[in-house]
Amino acid sequence: MSSTSPSPVSVKPVRPNLSRRPVHSEPDQLVYVIDQTLYINLTDRCTLRCDFCPKHNGCTDVKGHELYLSERPLAEQIINQIGDPARYKEVVFCGYGEPTLRLTPLLEIAYAVKAGGGKTRINTDGLGSRVNKRDIVPELAPCIDALSVSLNAQDPQTYARHCHPALPDAWQSVLDFINRASEMIPAVYVSAIDGLPGVDVEACRQLAEARGGIFRRRVLDEVG
């Protein structure tokens, strides 16, 4: 085994989000249903610019649901569209962006879902504590039943190659978030995509399970 330390990861500034938002003719789709699960389209902004994300390849459609947002929705708008959350298998904060970028409305909606007897999950890149500049896990714990964290790579070099993080040391921050979340959130699922060049799915599994996560293998180009 080589004792040579890996070379530092160079993080180049990226612009993962549109600076201008054209308004389209149809109302924004704030919630959508796939297989008895209700998904909440809270934001289409992100802290990453992943090569494999359809949004960055000109597509904002998931299984017939157009997820482009012309404006940031209010929590009240989404709560009104959810209706009775108990009729769904779970209510998932997902859409085409990073939900924790809008932590305040996320928490408001999650508490409303829980009050209505629903189950909650967040699909996240695991960088919520970094972008909010504080440990957000204690804020999530009372109203979030599960997290799905995209680890995506077994080392910072491979992570930077595919995900292009805007934040330095992002890969390590994701690992730290998984470890912290596993202490307080009932179920923390961690995923990596099988089919991405250079990604060692088994190594990702070991990293996730060592931090209390439940590993899930995803398949390249399968969305939703």
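The preceding data block contains the structure.
## A word on helix H7 (residues 201-210)
Argument step 1. Residues of H7 that are buried: Val-201, Cys-204, Leu-207 and Ala-208. One face of H7 carries all of its buried residues, which in axial projection span an arc of 120 degrees.
Argument step 2. On its buried face, H7 sits against helix H6 (170-184), strand E8 (187-194) and strand E9 (214-219).
Argument step 3. Taking the backbone nitrogen of Glu-202 as reference, a side-chain oxygen 3.2 Å away marks Asp-200 as the first, capping residue of H7.
Argument step 4. Of the residues one or two after H7, Gly-212 is the one with positive phi, at around 90 degrees.

## Some details on the pairing of strand E1 (residues 31-34)
Argument step 1. Two elements, E1 and strand E2 (residues 37-40), share four bridges in a ladder whose sense is antiparallel. Following the sheet pairing, Val-31 is matched in E2 by Ile-40.

## Details of the side chain of Thr-47
Argument step 1. Residue placement: Thr-47 occurs in the loop between E2 and strand E3 (61-62).
Argument step 2. Taking the relative accessible area as the measure of exposure, Thr-47 reaches 8% and is therefore buried.
Argument step 3. Of note is the side chain of Thr-47, whose polar atom sits 2.5 Å from the side chain of Asp-125.

Criteria and cut-off values
- Residues numbered from 1 in each chain as written.
- Predicted model: local features only at pLDDT ≥ 70, side-chain atom pairs only at ≥ 80, totals over all residues.
- Heavy atoms only, no water.
- Buried < 20%, exposed > 50% of the residue type's maximum accessible area, 1.4 Å probe, protein only.
- Helix = DSSP H or I, 4+ residues; strand = E, 2+ residues; numbered from the N terminus.
- Arc of directions from axis to C-beta.
- Contact = heavy atoms within 4.5 Å.
- Polar contact = N/O pair within 3.5 Å; in protein donor to acceptor, adjacent residues only side chain to side chain.
- Pairing = 2+ DSSP bridges.

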